Amino acid sequence: MDLKTLREVAEIADPVERARILSRLMTEEQGLVTEAAKMRRQAIAEARETGMSLEEIAGHLGVSPGRISQMKKGPAARAPEGPALPAPRVLVQRALPTEPAVRGSKSLFLAEAERQGLKADRRMLYIGLEPAGDHVAPCLRVEPGTEIIARRKMMTANEVPVRIATSYFRADLFGGTRIAEPEFVQPSLQSALTALGYAFGHAEENLTARPPTSFERETLELESGEWVVQVLRASYSTEGTAIHVLETICAANRHIFPIGQVSGYDEF
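1. A closer look at the pattern of salt bridges
Counting across every chain of the model gives seven salt bridges. The partner of R18 in a salt bridge is E46, and the shortest N-O contact between them spans 3.2 Å. Here E46 lies in helix α3 (residues 33-49) and R18 lies in helix α2 (residues 15-28), a separation of 28 residues in the sequence. Exposure remark for E46: the relative accessible area of 25% places this residue in the partly exposed category. Close ionic contact of R233 with E205 constitutes a salt bridge, the shortest N to O distance being 3.6 Å. With R233 in strand β6 (residues 228-237) and E205 in strand β5 (residues 200-210), this residue pair connects regions lying 28 residues apart in the sequence.

2. Things to note about the pairing of strand β7 (residues 242-251)
When you tally the buried positions in β7, you get 10 out of 10 residues, the bulk of the element. The sheet contact formed by strand β4 (residues 160-170) and β7 spans six bridges and is antiparallel. What sits directly across from A165, in β7, is T248. In this sheet, β7 lies alongside β6 in antiparallel orientation, the contact comprising nine bridges. Paired with V231 across the two strands is T248, which belongs to β7. Between the end of β6 and the start of β7, which pair antiparallel, lie four residues, with G240 showing a positive phi angle near 85 degrees.

Calculation notes
Residues numbered from 1 in each chain as written. Predicted model: local features only at pLDDT ≥ 70, side-chain atom pairs only at ≥ 80, totals over all residues. Heavy atoms only, no water. Salt bridge = Lys/Arg side-chain N within 4 Å of Asp/Glu carboxyl O. Helix = DSSP H or I, 4+ residues; strand = E, 2+ residues; numbered from the N terminus. Buried < 20%, exposed > 50% of the residue type's maximum accessible area, 1.4 Å probe, protein only. Pairing = 2+ DSSP bridges.

Quick look at the structure:
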């Protein structure tokens, strides 16, 4: 994304379409985020001047009305007068390693949250091709930059955004299958992979704590200074084929990570 692209987007007459495209550009490249956010605030303001409500704009952009209010204010906005209500405190468990019964369910996150008595929901953010990142490419055994299938979702618990989960698949293996279709795979990704003839062999999971990217901070509505925990799980078939890489970006202060130990292979 460069200034020429931003100027072209600025000429789009429909303010909601302009804001939507700017959101996509900010996701794809973190450069010029400040300028894009300023233009998006202007687009939202113009949409409001046409008579659109915050709820209508939020529906078009796929975010909450509260998030639209944050977009309008921008980083330089003054804090409101008087006491402000704190954000809801939510703690979600993310077991390591994941229990097989949970992984085989309709949704790992929905199954985990249900066990914890939380009101959970998920929303698809993106399904399509994108270049394999440096951390995902080795797991899928492809070169960085190779086009792979990405299925990206945002998870909420008690209406609080807590997690971004992206499933990555090799396009040469899964292009043209249900895995690449623009919808949730029913009844589950696991059943679709089994139907395609793949049997689970083993998985490798790595956990990393780090500052969020701009996209992660905005999507998870993180405050300045908050970190994320990235869980990267690579799954391989019994024949050693790289089948599925799941990247889970967790809001660090909204998660706990129970870690299970295999019995019979350790000491007190």
